[in-house]
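Residue-level structure breakdown
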Amino acid sequence: DAGITQSPRYKITETGRQVTLMCHQTWSHSYMFWYRQDLGHGLRLIYYSAAADITDKGEVPDGYVVSRSKTENFPLTLESATRSQTSVYFCASSFQGAGTEAFFGQGTRLTVV
Amino acid sequence: AQRVTQPEKLLSVFKGAPVELKCNYSYSGSPELFWYVQYSRQRLQLLLRHISRESIKGFTADLNKGETSFHLKKPFAQEEDSAMYYCALMNTGNQFYFGTGTSLTVIP
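Residues numbered from 1 in each chain as written. Chains lettered and ligands numbered in written order. Predicted model: local features only at pLDDT ≥ 70, side-chain atom pairs only at ≥ 80, totals over all residues. Heavy atoms only, no water.

Considerations on the overall build of chain B
Defined as follows: Each helix is a run of DSSP H or I of at least 4 residues and each strand a run of E of at least 2, with the numbering of both proceeding from the N terminus. Note on classification: 1.4 Å probe, protein chains only; a residue is buried when its accessible area is under 20% of the maximum for its type, exposed when over 50%, partly exposed between these limits. Whether two residues are in contact is decided by their heavy atoms: any pair within 4.5 Å suffices. Note on areas: Shrake-Rupley with a 1.4 Å probe; residue coverage comes only from the protein chains shown. Here Asp and Glu are counted as negative and Lys and Arg as positive; His is not counted, and neither are the chain ends. By convention, the point assigned to a charge is CZ for Arg, NZ for Lys, CD for Glu and CG for Asp.
When helices and strands are tallied, chain B shows zero helices and eleven strands. When the helices and strands of chain B are listed from N to C terminus, the series reads β-β-β-β-β-β-β-β-β-β-β. For chain B, the residues scored as buried account for 48% of the 108 residues in total. Once local pairs closer than 6 in sequence are excluded, the contacts in chain B between residues at least 24 apart make up 57%. Total accessible area on chain B is roughly 5300 Å²; 50% of this is exposed by carbon and sulfur atoms. One way to put it: in chain B the 12 positive side-chain charges average out to a point 5 Å from where the 9 negative ones average out.

The following block contains the structure:
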């Protein structure tokens with residue numbers, strides 16, 4: 001299917017475990033983003049990527065790792081999950097330049113117990 | 001640095017009443033401003049952007065550079081407008097920053 005998809009939709013993991021959230025887009029957008037959505041904080045940018053093999057930190061990068069070996073994929077890894085990382089995670093993509101917009105995935109609800 | 005502020009976390013209006021969701025921003029450069037909407041358990045979707053100056057679902061927003069504001073307005077609220085609304089700013093580096101969101105409830 002065309003668009004931007006995230007997997008899994010729901011995930012429960014234990015404290016200290018490593019977990020990877022997947023994001024795949026079919027538009028060949030150069031930019032991709034990871035956000036977490038928390039009540040009272042809105043959406044906060046975790047990491048972003050301007051192109052394959054180019055990634056950079058956002059507002060709240062601690063405890064997360066990203067990679068982008070291919071333009072269409074942008075996985076987010078929690079190296080050692082903590083309860084404070086319980087959240088809804090959204091991936092987004094956009095093309096570069098004026099007039100663009102961010103297109104969002106459907107979100108992954110992660111619970112760390 | 002950039003910052004987007006939405007002062008109202010919750011907003012309730014009666015059906016047919018006017019609604020205004022406030023958004024203020026700070027950014028030293030020339031930003032692009034957006035409003036995104038998230039209906040219950042759905043993904044975020046673009047509602048409108050300042051550069052297109054369009055009206056979507058009866059909503060409009062005007063960029064006021066003097067007041068650094070981008071308030072969202074609709075003259076007559078409908079029940080289907082109940083949702084979470086996020087104001088967003090795109091900086092010159094193509095990164096999108098969002099406010100904390102306003103949850104709008106339209107009372108029948």
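Focus: the overall build of chain A
The following threshold applies: What the globule rule says is 2.2 Å times the number of residues to the power 0.38, and the radius of gyration is computed from C-alpha atoms.
Along chain A, the regular secondary structure elements total zero helices and eleven strands. Each helix and strand of chain A, ordered N terminal to C terminal, gives the series β-β-β-β-β-β-β-β-β-β-β. A globule of 113 residues ought to have a C-alpha radius of gyration of about 13 Å, and chain A, at 13 Å, matches this closely. By principal-axis analysis of the C-alpha atoms, chain A measures approximately 40 × 30 × 25 Å. Relative to its full complement of 113 residues, chain A shows a buried share of 47%. Here chain A displays about 5300 Å² of accessible surface, and carbon together with sulfur accounts for 48% of that area. In chain A, 10 side chains carry a positive charge and 10 a negative one; their mean positions are 7 Å apart.

Points about the sheet that holds strand β3 (residues 19-21) of chain B
Residues and elements named next belong to chain B. Our working rule: If DSSP finds at least two bridges between two strands, the strands pair.
In spatial order, the strands read β3-β8-β7; together these three strands make up an open sheet with antiparallel pairing. The sheet is open, and its two borders are formed by β3 and β7 (60-61), each paired with just one other strand. Summarising the sheet, β3 and strand β8 (residues 72-74) pair through three bridges and their orientation is antiparallel. Bridge pairing in β8 places Leu21 opposite Leu72.

Points about the nonpolar core
All names here are of chain B. Where we set the bar: Buried Ala, Val, Leu, Ile, Met, Phe, Trp, Tyr and Cys residues form a nonpolar core when they are joined through side-chain atoms within 4.5 Å.
Counting 25 residues, the largest nonpolar core has Trp35, Leu72 and Tyr85 as its most contacted members. Here the element with the most residues in this core is strand β9 (residues 83-90); it accounts for four residues. In this structure Tyr85 touches Gln6, Leu21, Trp35, Tyr36, Val37, Leu47, Phe59, Leu72, Gly101, Thr102 and Leu104, once residues within four positions along its chain are discounted.

Quick look at the interface of chain A and chain B
Here is the rule: Take the accessible area each of two parts loses on contact, using a 1.4 Å probe, and add the two losses: that sum is the buried area. Within this document, salt bridges are pairs made up of a side-chain nitrogen of Lys or Arg and a carboxyl oxygen of Asp or Glu, the two lying within 4 Å of each other.
Taken together, the 26 residues of chain A in the interface contact 21 residues of chain B. Taken over both partners, the interface formed by chain A and chain B buries close to 1900 Å², and the fraction arising from carbon and sulfur atoms is 52%. Taken as a group, Leu43, Glu101 and Phe104 of chain A account for 26% of the area that chain A buries against chain B, more than any other trio of residues on that side. One salt bridge connects Glu101 of chain A with Arg49 of chain B, and the closest N-O pair in it is separated by 2.8 Å.

Re the environment of Ser80 of chain A
Of note, Ser80 of chain A is situated in the loop between β8 (76-78) and β9 (87-94). On a C-alpha basis, the gap between Ser80 of chain A and Ala50 of chain A in space is 26 Å, while along the polypeptide they are 30 residues apart.

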